[in-house]
Every structure is written in C-alpha cells, then in structure tokens.
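# Examining the three-dimensional arrangement
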Amino acid sequence: MSQQFLPDNPLPQEVRVPDEMAVFSPEVEAEIDRHLAKYPLKRSAILPLMFIVQRERAGFLDPPGVAYLANRLGVRIMDIWEVATFYSMINTEPVGMYHLQICRTLSCKILGAGTITEHCTRRLGIKPGETTPDKIFSLSEVECLGSCGTAPMMQIGFDYYENLTTGKVDELIEKCRSGELSNGVR
Amino acid sequence: MFIGAIGCEPLQLRRVNLENSRSIETYRKNGGYEALRKVLDRMSPDVVIGEVKKSALRGRGGAGFPTGMKWGFVPKDSPKPKYVVCNADESEPGTFKDRYLMERDPHMLIEGMLIAAYALGSKATYIYTRGEYRYLIEIMDRAIEEARAAGLAGDKILGTEFSCEIYTHTGAGAYICGEETALLNSLEGLRGHPRMKPPFPAVAGLYGCPTVVNNVETLTAVPDIIKMGGEAWQKLGTEKSGGTKVWSVSGHVNRPGVYELPMGYEDMEKFIMEDCGGIPNGRQLKAVIPGGSSVYIMPASDIVGKKVKMDYEGLVAAGSMVGSGGFIVMDDTVDIFESTKNLTEFYKHESCGWCTPCREGTDWLVKVFKRIARGEGRPDDAQLLLDIVDNIEGKSFCPLGDAASWPIQSAIKKFPEDFKRHLLPLTNGKESGKEGLPTI
C-alpha cells in the first residue's frame, strides 16, 4: 500500500538483517519512552515510534531504523516490515523534503482537485508518485483527508493547506523552494 | 466554512465559535465538567448506563448501533481490565465533523470519555486518531495535560476514588482502521485487519479485555445526556433517534460546513437549498450522498418536494442511510459514472487485503471502470459491475465490502443514463466498435 518513489527500481528494498542499528539522541529516546509508557504491551507503540524513526532517519524507515524498532519493541525485523508496509503514511522508500499530498476523493475532486494536481505536475515536472531529481519535492494523490468542507486541499508533511487555488499553490511552491515553509514533518 | 446549529439550540457545537474555545477555562465557564461532577457525586455506573439507554443515542460513526446497549454488553464481573477507546479515525469521504469537534472543543471529548470510563469501570482509555490529523493529537495532548493539572484526569479525579488515564494514539493512513476490530488490531501494533465477530469487543477487545469503541460524536453527546437527563435529550430528536446530530456538508453548496440539527429535521430539501445556501453558479441539484461515501446515492427527484426527514428511519425510508452524516452535494455538471469511479478507486486503495471478495472484487471493479472510461465500455458492462458487486456485498469479512458495493448499486439504478452514455451501443446483437478489445 505504500507508494513507490523510485520508478526505475520497482522492487522493494532488500530485507536483510542490518549490520548497524540506528542511534538516537537522549531527547528522542525520552520521547520514545513517553510513548512506550502509554501501553501495557510495548508493541502497541509501533506506529508512534515509526513516525519518530522516520522523522529522524531522513523521512523513511531504513534498515538501521527498522533494526532499532525491532530491538526496542522486542519483536522480529519482519514484524516491523509487516506493519510498515500496511500503512500508507509509513514510508519504506526515500521521499522528497516537501511531500505534497493532494486529496483526490470525491468532494475535492468535484471542486477542482484534478486542476491542482495538474498544476503541481506542470510546475514541478513530476507526476504523482514521483520525486524531483533534487529530492526537494515528492508529489502524491491521497484519499480523503477530512477537509471536504474546505476543498480542494493538500497536506505537506502533517500541515493542511485548504481552499486551494492555482495561485495559492504557486505561492506554496515558492515558499518551499526558498525554504520559508516548514515541511510539516514532526 | 459555517459551523453552527440550525433548528435547535447548539449542544455539541455550543462552544465551537467562542474565543479560546479549546481552553479548559472556556469549557468550565460554559458548563463544562458539570456532568462529570454530577456523575461522580451521585450516580452509580448502572444509573449512567440507564440514562444513556433512555437517551436513544445511537453510534455516530456510521453503523448507528444503540450506545447504551453497547455499554450494557460489557460484563460487570470480568476480572480483566476494561478499556474505553474513542474512534477518531474519521476517514469516511465527506465526513469532517469529528475533526472540528476535537479542534474546537477537546475538553468535551475528554469529559465524555471520563463518564464512559466511570460507567464501564475503565482505568485506561485511548483516543485513536487518524495519522493525518496530527495537529488534533497535539491539541488533545495539551487538553489532557490541562485536565490533569486541574485534577480532572489521572489519579483520584475531583478528589474521588475514581482514577482514569486518557492516552492519545496515532493511526498511519488506513481507512479500514475506522472499523472497530481493525482499529483494535492497529492499537495492538498489528496490521489493521478486521477480527472475526463474535466475540465482540465488549467481551474480548483490546488485549483480549472487555472494550467499548465509540465514535467522537457519540462520546461528546454524553455530557449533555447526563446534564439534561436521558429522556429530555432524547426528546430533542425522535423516539428511535434521540438528540441532535452533527452533519458535515461539502461539494456544490454555497455554504459548506458542520451543521448540528435535531434528529428528525423535517426536510432535506430545505436543508440543502436554504440552510446550506443552495447550489452555486445557478446550477441544478443532481444528487446527494447523505451519509458519507458508503451509503446509497440519492437523485434530486428523491429529495425535492419529498420532505425527507433527517434521521435514521427517515433516510432509510427515502432510500439511503444516515451513516456518518457526511453530505456530498453534486450539481448537474457531475457525471455520476465519474463520481462512482472516483469512490470505487477509494475503496480499492483502502481495501485491507484480508478477504478475497473485497481485495479482488474492488480491484476488478476499478479495472472495469477504467476500461469504460477509456471508451471501451461494452454494452453489458453495467451488468458486469452489478455482478461483481453481488459477489462482494454481504460476502466480505467486514462492512468495507458492503460500503464499496452500495454506491455502485444505487448509482446504476438511479442514474442509468450516466452509465449508458459511456457504453458502446448494441448493434444486431453484437458489440460494435473496436476490434480486439483487451480482455480485462
């Protein structure tokens, strides 16, 4: 279910026992501890921890990050992959610094989501599912994000941008290019 | 975007337009946490469940199951811990009410969860929020901290013997996790596949313990039910559909938004044409999906002049369902074939892959839709779609299969012209048109 961002390499990443395990700062470790404390079983924290590891490891779960998760949660490497590949927000491939996710479901669609996607494709030179060669932008079409009353919309990282027009999209893209806009990853 | 009540005093939306509506001070100044006080001071858990039963509150997530009955299924003598889980995985296309309830009035949800936890004997509760709503998790976390600092969450709440923790949890982009047993699997750190029922979560849910899973709007209704009394709250609505309901309205309307209406609001046409400001750009109303994308689509002819009552029974009588209360309004520029294709692609993307009818069926449906959209529709393709749907509906492991089927069934039945237009004509009993059509 997760999107492939390397069109010339459609095979999933090689799954192997990595030689190295990711290491995180004491602050990140403390954040992870706070999540683990919520549950009677450690495994329940798998999704919150995946978001943290993905944020700290350049936007996706790399083998050292996966090894860390397995070790921290006391499960097998394969258990981590099993869950990671199910959820569309967990990246198993690298994504661009700014991940533009445009809602394509009905309410957004009838209010112009198609125009927004086409406009982004033209401006960025990439189709949905692709990343620019400079790794700044990834573009995706995603399913309903609960922003139907303020359609059309897109999400950049975790941040919502609503009531979009092509003009607003241009502004956003400019702000991404100049580094003014947060990439919404947290 | 409009947020407010029409035809009744706002209950769920009482505070949403106030300044600093998120803060605990605003909440308490406007009647907040009075219900919790009342429950802890002078109501036994059984009395609380009794009030919820009297209120005729039905689950607001989509299925409409009576909430009091659901709470009543939790075994009292079980030695296991009990859990209350709030389903904030709002992902049904066209639905965004829970988002605004949590964004504008997070303490109302906390109070509802604490009352539910008290009634069910639960000491730990989870709010399962969809991963995309990260900012709402941050809002809820801050509100929980405020409540804890005020002695309203954690140990010995309001100085009583009642202790309860509220935790937030994040999903990660899977529609199926709105199905309660898939949600529980996800919360246990597994893939979000639905579980076999029975046993129902009330008996064996989270970590195999008795669990109640309730939608956000269901839980936020609870404080008012306690304050007003179940009967008085029920009387705001109809006999079988008590209270008020929060609807999300999107699509081709002049005033999209979140609307609180009394259950049994008298006329859907009036609601769309007057309350929601009518159809923009001088266009005509063509169709409405009234309960989130999974319910039957209604043509304008079933709404205009028909006085469709907006409650569980009224919408069933009119040929659709309340579902999650997500109105998608479409004007006469929309091709219902295209809109149905769009939703079918949604269900294909979100099918979890656990059972064959849904996994394979939704994939086949999309293949047929795409072929028709390429201009290669065969005369009997509408029938083919119905045949595939017939092999999904009622035969899938969880209701996602039904949800994928109903939009197609109703669209072909109510808008046959929109489908026929895309299909090649039948000539001399044979298909006309292109040679060597690809087999799909």
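The rules behind each value
- Residues numbered from 1 in each chain as written.
- Chains lettered and ligands numbered in written order.
- Predicted model: local features only at pLDDT ≥ 70, side-chain atom pairs only at ≥ 80, totals over all residues.
- Heavy atoms only, no water.
- Helix = DSSP H or I, 4+ residues; strand = E, 2+ residues; numbered from the N terminus.
- Rg over C-alpha atoms; globule rule 2.2 N^0.38 Å.
- Buried < 20%, exposed > 50% of the residue type's maximum accessible area, 1.4 Å probe, protein only.
- Contact = heavy atoms within 4.5 Å.
- Areas by Shrake-Rupley, 256 points an atom, 1.4 Å probe, with all protein chains shown as cover.
- Lys, Arg positive; Asp, Glu negative; His and termini not counted.
- Charge placed at Lys NZ, Arg CZ, Asp CG, Glu CD.
- Salt bridge = Lys/Arg side-chain N within 4 Å of Asp/Glu carboxyl O.
- Pairing = 2+ DSSP bridges.
- Axes fitted to C-alpha atoms, helices over the stretch in contact; angles between N-to-C directions.
- Phe/Tyr/Trp six-rings, centres within 6.5 Å; stacked < 30°, edge-to-face > 60°.
- Lys NZ or Arg CZ within 6 Å of the ring centre and 35° of its normal.

## Details of the overall build of chain A
Helix and strand content of chain A: 7 helices and 4 strands. In terms of C-alpha radius of gyration, chain A reaches 18 Å, essentially the compact-globule figure of 16 Å for 186 residues. Counting only residues that meet the buried cut, chain A has 57% of its 186 residues in that class. Residue pairs in contact within chain A that sit at least 24 positions apart in sequence constitute 67% of those at least 6 positions apart. Split by element, the accessible area of chain A, about 8,100 Å² in all, is 54% carbon and sulfur. Counting 19 positive and 24 negative side-chain charges, chain A places the centres of these two groups 3 Å from one another.

## Focus on the pattern of salt bridges
Residue and element names in this part refer to chain B. Within the structure shown, the criterion is met by 48 salt bridges over all chains. Linking R374 and E376 is a salt bridge whose minimum nitrogen-to-oxygen distance equals 3.3 Å. A residue is classified by how much of its surface remains accessible, and E376, at 15% relative accessible area, is buried. Put simply, R60, K97, D98, E217 and K245 are held in one network by salt bridges that share partners.

## Quick notes on the sheet that holds strand β4 (residues 165-170) of chain B
Residue and element names in this part refer to chain B. The strand order across the open sheet built from 4 strands is β4-β3-β2-β5, with neighbouring strands paired in parallel fashion. Of all the strands in the sheet, the pair left with one neighbour each is β4 and β5 (211-215). Strand-to-strand, the axes of this sheet are offset by a mean angle of 20°, without reference to chain direction. Summarising the sheet, strand β2 (residues 83-88) and β5 pair through 5 bridges and their orientation is parallel. Bridge pairing links C86 to N214 in β5. This element, helix α6 (residues 106-120), spans β2, β3 (124-129), β4 and β5 of the sheet and lies at about 150° to β2.

## Structural notes on the packing of aromatic side chains
Under the definition given, this model contains 27 aromatic pairs over all chains. When the centroid spacing of 5.1 Å and the interplanar angle of 85° are considered together, the rings of B:F346 and B:Y347 count as edge-to-face. An aromatic cluster of three or more residues is present, and its members are B:F2, B:W247, B:Y259, B:Y265, B:F271 and B:F327. Sitting over the ring of A:F51, B:R134 keeps its end group 5.2 Å from the ring centre. Above the ring of B:W364, the side-chain terminus of B:K367 is found at 5.4 Å from the ring centroid.

## Digging into unusual backbone geometry
Here the bond from A:A151 into A:P152 is cis, since omega is -10°, no more than 30 degrees from zero. Backbone torsion omega between B:K197 and B:P198 reads -10°, so that peptide bond is classified as cis. Relative to the helices and strands, B:P198 resides in the loop between α8 (180-187) and β5. For B:A56, which is not glycine, the phi torsion reads 55° and is therefore positive. Here B:A56 is to be found in the loop between α3 (45-54) and α4 (67-72). By relative accessible area, which is 15% here, B:A56 ends up buried. Even without glycine at this site, B:K307 takes up a positive phi of about 50°. Mapped onto the elements of the fold, B:K307 is located in the loop between β9 (298-299) and α12 (312-317).

Take it as geometry only, folks, not as evidence of what the structure does.
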